[in-house]
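Coordinates in review
These are the residues of each chain, in order.
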Amino acid sequence: MTPRAADRARYDRATAHLDAPLAVVDLEAFDANAADLVRRAAGKPIRVASKSVRCRALLERVLARDGFAGLMSFTLAESLWLARSGFEDVLLAYPSADRAAFAELAGDAKLAAAVTVMVDDPAQLELIDRAREGGREEIRVCLELDTSLRMLGGRVRIGALRSPLREPAQLAELARSVVRRPGFRLVGVMAYEGHVAGVGDAVAGRPVRSRAIRVMQGAARRELAVRRAAVVRAVRAVAPDLEFVNGGGTGSVQHTAAERAVTEIAAGSGLYVPRLFDHYTSFTGRPAALFAQPVVRRPGVGVVTVLGGGYPASGAAGPDRVPVPYLPEGLRYDPREGAGEVQTPLLGSPADDLLIGDKVWFRHAKAGEMCERFDALRLIEGNAVTATVPTYRGEGRAFL
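Residues numbered from 1 in each chain as written. Predicted model: local features only at pLDDT ≥ 70, side-chain atom pairs only at ≥ 80, totals over all residues. Heavy atoms only, no water.

**Some thoughts on the UniProt feature "domain: Alanine racemase N-terminal" (unreviewed entry) in the protein**
- UniProt tags residues 25-272 as "domain: Alanine racemase N-terminal" (unreviewed entry).
- The span residues 25-272 shows a helical share of 46% and a strand share of 19%, and its end C-alpha atoms are spaced 8 Å apart. (UniProt positions renumbered as here; feature names shortened; annotations may be inferred. Helix = DSSP H or I, 4+ residues; strand = E, 2+ residues; numbered from the N terminus.)

**Details of the nonpolar core**
- Residues Leu58, Tyr272 and Leu377 are the most contacted members of the largest nonpolar core, which totals 94 residues.
- Ranked by residues supplied to this core, first place goes to helix α10 (residues 207-238) with seven residues.
- Core analysis: the next-biggest nonpolar cluster, separate from the first, contains twelve residues, Tyr11, Leu22, Tyr326 and Leu327 among them. (Core = buried A, V, L, I, M, F, W, Y, C linked by side-chain atoms within 4.5 Å. Buried < 20%, exposed > 50% of the residue type's maximum accessible area, 1.4 Å probe, protein only.)

**Observations regarding the packing of helix α2 (residues 27-41) against helix α3 (residues 56-63)**
- It is at 11 Å that the axes of α2 and α3 come closest, and there the two elements cross at 45°. Relative to α3, the element α2 lies oblique. Classified by chirality, the crossing of α3 by α2 is right-handed. Residue-level inspection shows Leu27, Phe30, Asp31 and Ala34 of α2 in contact with α3, the latter providing Leu58, Arg61 and Val62. (Axes fitted to C-alpha atoms, helices over the stretch in contact; angles between N-to-C directions. Parallel < 35°, antiparallel > 145°, perpendicular 65-115°, else oblique. Left-handed = near helix turned anticlockwise from the far one by under 90°. Contact = heavy atoms within 4.5 Å.)

**Overview of the sheet that holds strand β9 (residues 184-191)**
- If you trace the eight strands once around the closed barrel, you get β2-β3-β4-β5-β6-β9-β10-β11, paired in parallel fashion. Taken pair by pair, the neighbouring strands of this sheet meet at an average axis angle of 30°, ignoring direction.
- Where strand β6 (residues 139-144) meets β9, six bridges bridge the pair, whose relative direction is parallel. When the bridges of β9 are listed, valine 141 appears paired with leucine 186. (Pairing = 2+ DSSP bridges.)

So, in structure tokens, the structure goes:
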């Protein structure tokens, strides 16, 4: 029996009393992935990206481990909810225009002490001030650095379109704006190198493309290390008491941790290891989060149909954004139908061994987005479900 077949047998036994659709997290794999992230971080704390987990119980579990400290949230409303739930260090990774939430933040000492907001433009400071509604609490602020790789005099850009702040002088200027402005305190700098951390460099069947990605990423790491260090020096000259410099992501943990200027690493997807994180030379994780759909039809030889399953991931649309049929091994989509909203035909010889009501296990393309489809996660240890915990959705929370 292959390791994947053994996992399928375990998951089927553990959930035999449960009807699909359902979602599971294999705690042995989850904990092993957490330990590997800590190993790669080489002593620097890991801030957990909440959007990649979207389950408070599992956020609490990983933060209880040595090597993890703090959360990186994705909306201001989520940040406040997490802070009210007892999480004491929440860095909002994206700028917000949620005026009601800013008013709540500025009016509550506990929230203001726990939450740090992201800015990359003085206009965002203006918006926060206008939203205060009399709240006088000091707002903790982090600046975001653009990490993109520019080549050919800037005519070629590789990396996400995020912050407009690129050069040390630009970040120092905004730092001075924050320091001079009453009611704000500059505490951090963040730089997420998504073109390194979030792009696999070992694309199956594409050796030339894989080599090109590795060359690009090597150049990007070298350029960013020099520029990030210069940015941190420039910002510290304005704000000597800077508390943290955050960088990295699951795919670049060890590289980013090697930079002296970086004090902490961000990671989250590496806990669940969705399918987009299968193709890296820098690490190998264990799939920990899966969902099951039930077989509801057997249209013919070599074909079964499962209920639903069309859960595409965010990003540029393409084949890599759909879930992958994972267990049993050897199933594939019908290219004329793909993953459907209500039903999904699956092709391949394993279909002939599946009966009505059997489960087919899938892996989502991304990590936390799976949790937007399920109210609960069944936590598996060995051959049993040992707990059922709510996702954000199961707690009635949908932040985006």
